[in-house]
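Summary of the model geometry
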Amino acid sequence: MEKKNIDWGSLGFGYQTTDYRYVANFKNGAWDEGGLTTDSNIVMNECAGVLQYAQTVFEGMKAYTTEDGRTVVFRPDLNAERMENSARRLEMPVFPKERFLEAVKETVRANEAWVPPYGTGASLYIRPYMFGSSPVIGVKPAEEYQFRILVTPVGPYFKGGIKPLTLKVSDFDRAAPHGTGHIKAGLNYAMSLHAIVTAHEEGYDENMYLDAGTRTFVEETGGANFLFVTKDGTVVTPKSNSILPSITRRSLIYVAQHYLGLKAEEREIPFEEVKDMAECGLCGTAAVISPVGRIDNHGETILFPSGMTEMGPITKKLYETLTGIQMGRIEAPEGWIVEV
Ligand SMILES: *Cc1c(COP(=O)(O)O)cnc(C)c1O
């Protein structure tokens, strides 16, 4: 397969039109056969449910080339399951897991020329999504839906080297208790835009959100889960019903326990405890882990001992082990790496 002539290493995280995308339509209570198309535009009614009442959910994962030249995807079964939960919460039909997995493979295979070669640090970002496509004006779920998968090549996350992030504790809330924080829905991002633009204007990279009910426990950032390392070397990650269950975070906890022999726990983390942590990172598909160097909370500053120039030692081991598993340099647990 001849690859596209792209300077893979200098790609950023942006959208670029690729050759094929997958489309399936839900109508009269059933999904049609679905298939690939070269048309990157969507035509729908002006009153479509997604346009009026934001009835849409999505997923994010990556395809990449392993050291031995295979094209693979990391744990797509978990994306399928998470999308099912997201869809149910927004009263949308479920796109069946087996079809989801087949559609991901079919879309990546059709765009094989866009999958960056091994060693470039780049990957092919995969974005499955679904939206209400039929007209809705009185508030209710749409009757028709479209499921699509688009792919776009993205560059290495740590391009200019590793720069630990500076966060602020946000004055805004990300997700209400019993709300939609645990599903991957566009609506959670729409309302986060003002908070992130404000944080950027103030010179911060990201927001740390606390639980909306009491503003005492750590939740997550706009698009990544927290992972901390205590001074005695235990990996801890916040537990909350309003956090999006990151696949990267769940994988890192497994890696900590089963590959690195570390103690790892998911539990409520009072913000009060953060100043005593040795390391802090953000986990998600985009970066795997990005280290956090500093957190500001209304005049109080927390500086992690790992500093502002590198990853903490345990964060680094976690990062290297998980990326090693993804790239085929370290043996993966059963089912984690799916060849397309
Ligand atoms: C997608 C997402 C994450 C990261 O999840 P991964 O499965 O690891 O990519 C974390 N938080 C939010 C709010 C997200 O939408």
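This is a predicted model, so every value here is computed, not measured.

Brief notes about the pairing of strand S15 (residues 288-297)
- With 9 of its 10 residues buried, S15 lies for the most part within the structure.
- Pairing analysis gives 4 bridges linking strand S9 (residues 165-169) to S15, with the strands arranged parallel. Following the sheet pairing, Leu167 is matched in S15 by Ile295.
- Here strand S14 (residues 279-284) runs beside S15; their pairing, made up of 4 bridges, is antiparallel. The residue bridging Gly284 from the neighbouring strand is Val288, located in S15.
- Pairing between S15 and strand S16 (residues 300-303): 4 bridges, direction antiparallel.

Describing the site of the ligand
- The environment of the ligand is made up of 15 residues, and the closest members are Lys184, Tyr189, Ser246, Thr248 and Thr285.
- For the ligand, an oxygen atom lies 2.8 Å from a polar atom in the side chain of Arg82.
- Isolated, the ligand exposes 380 Å² of accessible area, and the fraction of that covered by the protein chains is 96%.
- Spatially, the ligand is embedded in the largest pocket.
- Class assignment of the residues belonging to the shell around the ligand gives a composition of 4 nonpolar, 7 polar and 4 charged.

A short note on the domain arrangement of the protein chain
- By domain assignment, the protein chain separates into domain 1 (8-155) and domain 2 (165-326).
- For domain 1 and domain 2, the distance between their C-alpha centroids amounts to 26 Å.
- If you look at the interface, domain 1 gives 20 residues, while domain 2 gives 20 residues.
- Summing both partners gives a buried area of about 1,600 Å² for domain 1 against domain 2, and 64% of it is carried by carbon and sulfur.
- Considering only the surface of domain 1 that becomes buried against domain 2, Phe58, Phe74 and Arg82 emerge as the three largest contributors, covering 37% of it.
- Where domain 1 touches domain 2, the interface holds 0 salt bridges.
- One can count 8 residue pairs in polar contact (both at pLDDT 80 or more) joining domain 1 with domain 2.
- Among the elements of the structure, strand S4 (56-58), strand S5 (61-65), strand S6 (71-74) and helix H2 (76-89) are those that each provide at least two residues to the side of domain 1 that touches domain 2.
- Taken together, the residues of the side of domain 1 that touches domain 2 sort by class into 9 nonpolar, 6 polar and 5 charged.

A look at the layout of surface pockets
- Put simply, the largest pocket is a space of about 990 Å³.
- Along the walls of the largest pocket sit 38 residues, with Tyr189, Glu206, Gly223, Ala224 and Ala286 positioned nearest its centre.
- Only strand S7 (123-132), helix H4 (186-190), helix H5 (193-201), strand S10 (206-208), helix H6 (247-258) and S14 provide two or more residues apiece to the lining of the largest pocket.
- In terms of residues, the lining of the largest pocket owes the most to one element, S14, which gives 3 residues.

Remarks on the environment of Gly29
- Locating Gly29 in the fold gives a position in the loop between strand S1 (21-27) and strand S2 (30-31).
- Look at Gly29 and you get exposed, because its relative accessible area is 58%.
- Taking the C-alpha atoms as reference, Gly29 lies 25 Å from Leu187; in sequence the two are 158 residues apart.

Conventions and cut-offs
- Residues numbered from 1 in each chain as written.
- Predicted model: local features only at pLDDT ≥ 70, side-chain atom pairs only at ≥ 80, totals over all residues.
- Heavy atoms only, no water.
- Buried < 20%, exposed > 50% of the residue type's maximum accessible area, 1.4 Å probe, protein only.
- Helix = DSSP H or I, 4+ residues; strand = E, 2+ residues; numbered from the N terminus.
- Pairing = 2+ DSSP bridges.
- Near = heavy atom within 4 Å.
- Polar contact = N/O pair within 3.5 Å; in protein donor to acceptor, adjacent residues only side chain to side chain.
- Areas by Shrake-Rupley, 256 points an atom, 1.4 Å probe, with all protein chains shown as cover.
- 1 Å grid on protein atoms, 1.4 Å probe; cavity = no way out; pocket = protein on both sides within 12 Å on 5 of 7 lines; lining within 4 Å.
- Sits in = over half its atoms within 2 Å of the grid points.
- Nonpolar A, V, L, I, M, F, W, Y, C, P; charged D, E, K, R; others polar.
- Domains from an automatic or database assignment.
- Contact = heavy atoms within 4.5 Å.
- Buried area = accessible area lost by both parts, 1.4 Å probe.
- Salt bridge = Lys/Arg side-chain N within 4 Å of Asp/Glu carboxyl O.
- Points joined across faces, edges and corners; volume = space filled by probe spheres on them.

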